[in-house]
Amino acid sequence: CSVACKLTWDQLEAVCRQEKLYCKELNVNRHNVNEYEVEFLCDYKKTKEEEFYLVKWTGYPESANTWEPRKNLKCTKLMKEFHLDLERELRRHKKRCVPKRLDREVSSLLVQKAKLRQSLRRWENHLNTTRNHPGRIFVSNEVDLEGPPKDFTYINNYQVGAGIVLDEMAVGCDCKDCFEEPVKGCCPGASLHRVAYNNRGQVRVRAGKPIYECNSRCSCPPDCPNRVVQKGIQFDLCIFKTENGRGWGVRSLQHIKKNTFVMEYVGEIITTDEAEKRGHIYDRQGSTYLFDLDYVEDVYTVDAAHQGNISHFVNHSCNPNLQVYNVFIDNIDERLPRIALFSTRAIRAGEELTFDYKMQ
C-alpha cells in the first residue's frame, strides 16, 4: 500500500535539511545540508555597522522568517529585485533616502510584489512548457499587483467548436525546390497565386492577398522557403503590464525585420451566430477578442477570450507594426484561413507589438 506525498519538493528538501538527512534526488548532501535557499526578501533595516534583511526561506512557513546580515546572503538577483521594488515604492512616497527601518506599509507591499513575481514566474514556466514554438515567452509586471489571468488557457492551434470540421489538404506539390523550380506554380499555383515569400521567408505579396504554404502532403523538405507560418513563433516575446491603463501588452525582445512573420492569432473557432451572442457579453465587460474569418464569407469567427496564444495580449493601434494575412496550409476550406501577423516595418528589441483590430 502506498499514498502520494502531500509535500512539495521544496518542502521535502527543507525537511531533509532540518533533520540532517542526505538525499541524492534532492541534492542534499553533507557539504550543503546546512545551506538554506532564500525564497524572497520581506523587509530591511540597517545599523551603523551592518544591513539586515528579513528572509522568507524556501519550504518554511513565514513564521520561520529570520533577520540575516547582508554578508550571509548570496541571493544577488533577489536582492536586486528587492531594492528595485523598494526604490519605486520610496519614489511613490516621495522619499529620496532608504530609512533605517521600513514602514509596515512599505514592507507589506514588498512582500506582495515578491509573491506576485513568484506567481508570474510559475505562469511563465507553464507557458513555456505548453508552447510548441521556438520563441520563448517572458512575463513582467512592474506596474501593479495584477497576477496571471484566471480564465485563460494557452493553446498553440485552433480549437474547433461544435459542428465545425477542418478539411485537410487533398494534395501537395511535387517540387524539389519550391522557390527556384516550382512545379505548376507550387501550392499557390493551384489557386492561381504566386509564392508569397522571398528566399529569406519575408512576405512579398500585399495585404489582402492570400498565402498558400506547402503542406504535410508536399514533397519539399521542412526547410522549404514556402513553409513560414507553420514553423511558429521564432522570436522571444514578453507579456508585460502597460503603464497607461491598456492592461497587458506584448513586446518583442529581439529585432524583427520588415515583412517578417511574428505570430498567429489563435483561439476557438465558432460560428458567427455564436459570436454574436458572445459579443454582447464581451461588450458589457468592455473587451472583446473576436476575430471574424471573412476572407470569402462571414461564417466563422475566432474567439481568443479564454483560449488563445500570446496574440491574446497584443493591443490595438491605429498605427500598428503588425499586419493581418490569411494563410492556408493543411486546410482547403477558404472560410477557415489561419490568421498570421507580419511586421509592417522593422521592429526594435523592446518595442510593443500592435495590430489594428479593425484590419480584418
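For the structure itself, consult the block above.
Not measured: the values here are computed from a predicted model.

Enquirer: Got a minute to help me understand helix 5 (residues 272-285) in this structure?
Expert: Think of an α-helix as 3.6 residues a turn; residues three or four steps apart then line up on the same face. Here helix 5 is 14 residues long and its end C-alpha atoms lie 19 Å apart, about the 20 Å a rise of 1.5 Å per residue gives. Among the residues of helix 5, A275, R278, G279 and Y282 are the ones counted as buried. Summarising the contacts, the buried residues of helix 5 are in contact with strand 11 (268-271), strand 12 (290-293) and strand 13 (300-303). Where helix 5 terminates, the next one or two residues include G286, which has phi positive at roughly 85°.

Enquirer: Would you mind going over unusual backbone geometry with me for this structure?
Expert: Of all residues except glycine, most have a negative phi; of all peptide bonds, most are trans. Of note in this structure, C186 is not a glycine but carries a positive phi near 60°. Summarising the element assignment, C186 is placed in helix 4 (residues 186-189). The backbone of N259 sits at a positive phi, close to 65°, despite the residue not being glycine. Positionally, N259 belongs in the loop between strand 9 (248-252) and strand 10 (261-265). Taking the relative accessible area as the measure of exposure, N259 reaches 26% and is therefore partly exposed.

Enquirer: It is not clear to me how the pattern of salt bridges should be interpreted in this structure. Could you clarify?
Expert: Side chains that carry opposite charge are capable of pairing whenever their charged atoms lie near each other. Tallied over the entire structure, the rule returns 23 salt bridges. Ionic pairing is found between K71 and E50, a salt bridge with its closest N-O pair at 3.8 Å. In this pair, K71 is assigned in the loop between strand 3 (66-69) and helix 2 (76-92) and E50 in the loop between strand 1 (38-46) and strand 2 (51-57), connecting sequence segments 21 residues apart. Across the pair E351 and R348 runs a salt bridge whose closest N-O atoms are separated by 3.7 Å. By relative accessible area, R348 is classed as exposed at 57%.

Enquirer: Any chance you could explain the sheet that holds strand 2 here in plain terms?
Expert: Within a beta sheet, neighbouring strands are joined by backbone hydrogen bonds and run either parallel or antiparallel to one another. Strand order across the open sheet formed by three strands is 1-2-3, with antiparallel pairing between neighbours. Edge positions in the open sheet fall to strand 1 and strand 3, since each of these has one partner strand only. Averaged over all neighbouring strand pairs, the angle between strand axes comes to 35°, with direction disregarded. By the bridge criterion, four bridges tie strand 2 to strand 3 in an arrangement that is antiparallel. In the sheet register, L54 faces strand 3, and the bridge partner there is W67. Its contacts with the sheet place helix 2 against strand 1 and strand 2, and it is angled at close to 55° to strand 1.

Calculation rules
Residues numbered from 1 in each chain as written. Predicted model: local features only at pLDDT ≥ 70, side-chain atom pairs only at ≥ 80, totals over all residues. Heavy atoms only, no water. Helix = DSSP H or I, 4+ residues; strand = E, 2+ residues; numbered from the N terminus. Expected span 1.5 Å × (residues − 1). Buried < 20%, exposed > 50% of the residue type's maximum accessible area, 1.4 Å probe, protein only. Contact = heavy atoms within 4.5 Å. Salt bridge = Lys/Arg side-chain N within 4 Å of Asp/Glu carboxyl O. Pairing = 2+ DSSP bridges. Axes fitted to C-alpha atoms, helices over the stretch in contact; angles between N-to-C directions.

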